Amino acid sequence: MSDPSLVRFRVALEGALAHLESRREEINDLNVFPVADGDTGDNMALTLQACLEEVDRLAQVDRPLDEIRREEIVESVARAALLGARGNSGVILSQLIRGAAEELVSRPGELIDPVLLGAAMARAAQRAYASVRAPAEGTMLTVMRDMAAHVASRLAHDAPRLGPDAEGDEQQRVLADILEEAIVAGEASVRRGPELLPALREAGVVDAGGYGVIVIFAGVVAALRGEAAPALRAHAAEGGGSDHAPARISHPEHASSTFRYCTNFAVTGDALDAARYVGALEELGDSVLVVGDRSTLKVHVHTDDPETAIAVFAGVGDVSRLDVADMRAQVARRDARLAGNGHSAGARTGVLAVISGAGMARLYESLGAHVLDGGPTLNPSTHELLAGIHAVASEEVVVLPNSANVIMAAERAAELAEKAVRVVVSTSQQAGLAAAVALTPDADADTNAGAMRVAIAAVRTGAVAPAAREDAAGRFGVSDAVGFVEDELVAWGATAPTLEAVLAALAADAELVTCIAGEGAPLDGAAIAALAPVGVELELEEGGQPSYWWLLSAE
């Protein structure tokens, strides 16, 4: 039998996501609890996006949406929310969705009216509270419970029921009216949050997740009415003043400040028991959530060791949908954006470059790249690379590993990432810079990767470094200069002649040679310029890279 409520469900879901997307950064900037990360809006949006994609998948591969059984669609959406959830806020939102789905499934054939809606909201709040080991009041949990309580109280006095023959317009109007009342109650709950949670009060903000919940409901109301979302004042100062300032992400008393990576993954298997794994994860970090059912679990933990967290589930089932976010990088990006120094968001493709050296970071950032500090040996882990990919503010990402030793880890991170990721084989930082220049943010990752490979092919690279050990053939000793063109040793001995030989080799058939000075480079710019061949333009930069006095490239 046809169920037009499901078509309206999709409309409402799309409206919720659209409104949440429009206020995503506003929610991110409020964030302070449960951990000082800055992506609550992102995480909630990704959860809703997974739900909407699942609805559309069902409609494409099965029957028309209004002919799919309600039980089938709500169960599929609840599972999609679970698997798509990321971060504390996303996982808790998935449990709100799951709780509501359980209530809807328990009443097959019953028209979705205010009474069923109120029951679904109450079940959602119960499920979310049960998923958190130590629920904190003043958060999105409290907001959802208070909204559900208001609806229950309202319906106890006057419960507008809809008959089986109710027109769609009437259903949408009645539901929108009830939800708008719930939003008002939710706004009051959000404003009370700082009274219940000291971390919010000290930061001068309301809970980001709680505010996100009422933003979602406002989007649903907008979709049901076909008009703009109701105005929200939940994070305005009491008394009608201006909004709270963005959160100060600095809470040394909070345990999560000691852990770096927000780690999320799914586990699929048989006879899974969520409670069994919580203790082991709490030994590795905090903000632990393990939710789901006996066949699928979603795991969230803040830890310094994502690999060990994943190993807790070794032999238990298949691990998938791994996502690791560097919370320190999130805070730095947020602070830069609020200070007016952030790169513009919304590009289709961005670049992640592995670098070493403060000056090298500045060079890449000037080209619009996101940088990942690989340390003195340029050797980040797969999970650090995955966190870096996640941190790039674009739909698709090109990774420049900038070392032969990083390529395999980068390719593994690309496989694990949920974004479209391409790895361009750059084996040096100076070659990677030539590739970064070729970035076209509005083009897709495949197009950019192709352009970057062409750019790298047109560049010859060189380097001069102090020898770390004596040459077995007696050509040079420790700390003597050694010069390379590509991977071939071409000069050695005193510093100036060695650099001059490398410059001469690179300058053949070149118009421009770039020389990037590293840590402790023994010659200044004037001395280097005097060594350059006649007729070649020399560009001098400060890279600050360890181990290499100069990194060079010729175009």
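Within any chain, residue numbers begin from 1 and follow the written order of that chain's sequence. Given that this is a predicted model, residues contribute local features only at a pLDDT of at least 70 and side-chain atom pairs are listed and counted only at 80 or more, while totals for whole chains, interfaces and linings are drawn from all residues. Each side-chain value is worked out from all heavy atoms of the structure, with water and hydrogens disregarded.

## Description of the overall build of the chain
Scanning the chain from terminus to terminus reveals 20 helices and 14 strands. Only protein chains enter the area calculation, which uses a 1.4 Å probe; residues under 20% of their type maximum are buried, those over 50% are exposed, and those in between are partly exposed. Considering the chain as a whole, with its 555 residues, one finds that 55% of them fall into the buried category. In short, Shrake-Rupley with a 1.4 Å probe defines the accessible areas, and a residue's cover is counted only from the protein chains shown. Of the roughly 23400 Å² of accessible surface on the chain, a fraction of 51% belongs to carbon and sulfur atoms. Helix and strand labels come from DSSP, where a helix needs a run of H or I of at least four residues and a strand needs a run of E of at least two; each type is numbered from the N terminus.

## Things to note about helix α5 (residues 87–105)
Helix span is expected to be 1.5 Å times the residue number reduced by one. A rise of 1.5 Å per residue sets the reference length of α5, with its 19 residues, at 27 Å; its end C-alpha atoms lie 27 Å apart and thus fit the reference within 8%. In terms of burial, α5 is largely enclosed, as 17 of its 19 residues are buried.

## Concerning the sheet that holds strand β8 (residues 420–423)
Strand pairing within a sheet occurs via backbone hydrogen bonds; the two strands may be parallel or antiparallel. What the 4 strands build is an open sheet, ordered β6-β5-β7-β8; its pairing is parallel. Each of the sheet's edge strands pairs with one partner strand only, and the pair in question is β6 (370–373) and β8. When strand polarity is set aside, the average angle formed by the axes of neighbouring strands in this sheet is 25°. Strand pairing is defined by DSSP finding a minimum of two bridges between the two strands. Relative to β6, strand β5 (residues 347–355) runs parallel, the two being bridged by 4 bridges. Following the sheet pairing, V354 is matched in β6 by L372. Running at roughly 165° to β5, helix α14 (residues 358–366) makes contact with β5, β6 and β7 (394–400) of the sheet. Orientation is described by axes fitted as lines to C-alpha atoms, over the contacting stretch for helices, and by angles from 0 to 180 degrees between their N-to-C directions. We call two residues in contact whenever any of their non-hydrogen atoms come within 4.5 Å of each other.

## Describing the confidence of the model for the chain
The pLDDT averaged across the chain works out to 85; a share of 87% of its residues lies at or above 70. Predicted confidence is poor over residues 32–37, with pLDDT under 50, and the contacts of this stretch with residues over four places away or in other chains come to 27 contacts. Counted against residues more than four places away or in other chains, residues 236–256, with its pLDDT under 50, gives 52 contacts. pLDDT is a residue-level measure of predictor confidence that goes from 0 to 100.

## A word on the nonpolar core
L48, M121 and V213 are the most contacted members of the largest nonpolar core, which has 74 residues in total. In terms of residues, this core owes the most to one element, helix α10 (residues 208–225), which gives 11 residues. Membership of the second largest hydrophobic core comes to 37 residues, among which are V267, V278, A309 and A410. In plain words, nonpolar cores are sets of buried Ala, Val, Leu, Ile, Met, Phe, Trp, Tyr and Cys residues tied together by side-chain atoms within 4.5 Å.

## Here's the deal with α10
Quick reminder: α-helices carry 3.6 residues per turn. Residues three or four places apart thus point the same way. Here α10 is 18 residues long and its end C-alpha atoms lie 26 Å apart, about the 26 Å a rise of 1.5 Å per residue gives. Buried residues dominate α10, accounting for 17 of its 18 residues. Here a polar contact means two N or O atoms within 3.5 Å. Within protein one must be a hydrogen donor candidate and the other an acceptor candidate, and residues neighboring in sequence count only if both atoms are side-chain atoms. Looking at where α10 begins, the residue whose side-chain oxygen comes 3.3 Å from the main-chain nitrogen of G209 is D207. Phi turns positive, to about 70°, at G226, one or two residues after α10.

## Details of the packing of helix α6 (residues 114–131) against helix α7 (residues 140–157)
Between α6 and α7, the shortest axis-to-axis distance is 9 Å and the interhelical angle comes to 150°. It follows that α6 is roughly antiparallel to α7 by the angle criterion. Note that α6 runs across α7; the crossing there is left-handed. The residues of α7 that touch α6, namely those facing P114, V115, G118, M121, A122, A124, A125, A128 and Y129, are L141, T142, M144, R145, M147, A148, V151 and L155. For the contact of α6 with α7, a count of residues per class yields 14 nonpolar, 2 polar and 1 charged. To sort the angles, those under 35 degrees are grouped as roughly parallel, those over 145 as roughly antiparallel, those from 65 to 115 as roughly perpendicular, and the leftovers as oblique. Take the far helix as your reference; a near helix turned counterclockwise from it by less than a right angle gives a left-handed crossing, and one turned clockwise gives a right-handed crossing. Note on residue classes: Ala, Val, Leu, Ile, Met, Phe, Trp, Tyr, Cys and Pro are nonpolar, Asp, Glu, Lys and Arg are charged, and everything else, Gly too, is polar.

## Topic: the sheet that holds strand β11 (residues 488–493)
On the basis of which strands lie adjacent, the open sheet formed by 6 strands has the order β11-β10-β9-β14-β12-β13 and mixed pairing. In the strand order of this sheet, the two ends are held by β11 and β13 (537–542), each with one partner. This sheet shows a mean twist of 20° between the axes of neighbouring strands, independent of strand direction. When strand β10 (residues 481–485) meets β11, the two strands line up antiparallel, connected through 5 bridges. Bridging across to β11, G483 finds its partner in A491. The sheet contacts of helix α17 (residues 429–437) involve β9 (460–466), β12 (512–517) and β14 (550–554), and relative to β14 the element is tilted by about 45°.

## Let's talk about the environment of E21
By the secondary structure assignment, E21 is in helix α1 (residues 4–22). Expressed as a C-alpha distance, the spacing of E21 and D42, which sit 21 residues apart in the sequence, is 8.2 Å. The contacts of E21, once residues within four sequence positions are left out, are A45 and Q49. A polar contact is formed between the side chain of E21 and the side chain of R24, at a distance of 2.7 Å.

## Concerning the side chain of S553
Take S553: it is sitting in strand β14. When sequence neighbours within four positions are dropped, the list of residues in contact with S553 reads Q430, V459, R460, T461, L512, V513 and T514.

## Comments concerning the packing of α17 against helix α18 (residues 445–457)
Close contact between α17 and α18 brings their axes to 8 Å; oriented N to C, the two are set at 130°. Overall, the two elements α17 and α18 adopt an arrangement that is oblique. In the packing of α17 onto α18, the handedness of the crossing is right-handed. Residues A431, A434 and A435 of α17 touch α18, and the partners they reach there are M452, A455 and I456. For the contact of α17 with α18, the class distribution of residues is 6 nonpolar, no polar and no charged.

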